[in-house]
Amino acid sequence: MDPAVADSLFDRGVSTKPIGGSMRGVGLHLAQQIAESWGSHLRFVNEAGAVFTVEIPVLGSSPDREEGQP
């Protein structure tokens, strides 16, 4: 992953692919929007290659709820 695009990677239209074709720079943008609509975030780490992670909350769960409490 090119470090020059790391800060804008999830912006619509940003792509590391060569110029040409249509619908470039849409997939990660849409994935981020979906993750946020579920109360989560799409993140990436670029150490030995790009790794993308999303944690999806369990339906009906709350981060403020104590274990064993409804």
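Each value, and the rule that gives it
- As a convention, each chain's residues are numbered from 1 in the sequence order in which they are written.
- Since the coordinates come from a predicted model, pLDDT governs what is reported: local features require at least 70, and pairs of side-chain atoms require 80 or more to be given and counted, while whole-chain, interface and lining totals use all residues.
- Only hydrogens and water are set aside when side-chain values are computed; all heavy atoms of the structure are taken into account.
- Buried residues of nine kinds, namely Ala, Val, Leu, Ile, Met, Phe, Trp, Tyr and Cys, make up a nonpolar core once their side-chain atoms join them within 4.5 Å.
- Burial classes: relative accessible area under 20% of the type maximum marks a residue as buried, over 50% as exposed, and values in between as partly exposed (1.4 Å probe, protein chains only).
- Two residues form a contact once any of their heavy atoms are found within 4.5 Å.
- Helix and strand definitions follow DSSP, with helices as H or I runs of at least four residues and strands as E runs of at least two, each counted in order from the N terminus.
- In this analysis, strands are considered paired if DSSP registers two or more bridges between them.
- A 1.4 Å probe that fits but cannot get out identifies a cavity on a 1 Å grid over protein atoms alone, an open set with protein on both sides within 12 Å along at least five of seven lines counts as a pocket, and a residue lines either if it has an atom within 4 Å of a point.
- Grid points are joined across faces, edges and corners, and a volume is the space filled by probe spheres set on the points.
- In this classification, the charged set is Asp, Glu, Lys and Arg, the nonpolar set is Ala, Val, Leu, Ile, Met, Phe, Trp, Tyr, Cys and Pro, and all remaining amino acids, among them Gly, are polar.
- N or O atoms within 3.5 Å of each other form a polar contact, as long as, within protein, one can give a hydrogen and the other can take it, and as long as residues adjacent in sequence are counted only when both atoms are side-chain atoms.
- By convention, a stacked pair of Phe, Tyr or Trp rings (six-membered ring in the case of Trp) has centres within 6.5 Å and planes under 30 degrees apart, an edge-to-face pair has planes over 60 apart, and any other such pair is tilted.

Draft legend 1. Molecular detail of the nonpolar core. Within the largest apolar cluster, six residues are counted, these being Val5, Leu9, Phe10, Ala35, Leu42 and Phe44. With residues near it in sequence (within four places) discarded, leucine 42 still touches Phe10, Leu28, Ala31, Gln32, Ala35, Phe52, Thr53 and Val54.

Draft legend 2. Broad picture of the environment of alanine 4. In this fold, alanine 4 is placed in the segment before helix H1 (27-37). In sequence terms alanine 4 and threonine 16 are twelve residues apart; their C-alpha atoms lie 9.7 Å from each other.

Draft legend 3. Geometry of the pairing of strand S1 (residues 42-46). Where S1 and strand S2 (residues 50-54) come together, five bridges link them in antiparallel fashion. By the bridge assignment for S2, arginine 43 is matched with threonine 53. Hairpin connection of S1 to S2: three residues between the antiparallel strands, including glycine 49 at a positive phi of 125 degrees.

Draft legend 4. Layout of the layout of surface pockets. Here the largest pocket defines a volume of roughly 210 Å³. Val14, Ser15, Lys17, Gly25 and Leu28 are, among the 14 residues lining the largest pocket, the residues nearest its centre. Across the lining of the largest pocket, the residue classes break down as six nonpolar, five polar and three charged.

Draft legend 5. Layout of the environment of methionine 1. Structurally, the position occupied by methionine 1 is in the segment before H1. Residues methionine 1 and glycine 49, 48 residues apart in the sequence, show an inter-C-alpha distance of 7.0 Å.

Draft legend 6. Layout of the side chain of glutamine 32. Along the chain, glutamine 32 turns up in helix H1. Side-chain polar atoms of glutamine 32 contact the side chain of glutamate 36, separated by 2.8 Å. In this structure glutamine 32 touches Phe10, His41 and Leu42, once residues within four positions along its chain are discounted.

Draft legend 7. Representation of the packing of aromatic side chains within the structure. Across all of its chains, the model carries three aromatic pairs by this definition. Measuring from ring centre to ring centre gives 6.2 Å for phenylalanine 10 and phenylalanine 44, while their planes differ by 70 degrees; the resulting arrangement is edge-to-face. Of the two residues, phenylalanine 10 sits in the segment before H1 while phenylalanine 44 sits in strand S1, which places them 34 residues apart along the sequence. For the pair phenylalanine 10 and phenylalanine 44, a shared accessibility class is recorded, and that class is buried. Aromatic pair phenylalanine 10 and phenylalanine 52: ring centres 6.4 Å apart, planes at 85 degrees, arrangement edge-to-face. With phenylalanine 10 in the segment before H1 and phenylalanine 52 in strand S2, this pair connects stretches of sequence that are 42 residues apart. Three or more aromatic residues joined by ring pairs form one cluster here, namely Phe10, Phe44 and Phe52.

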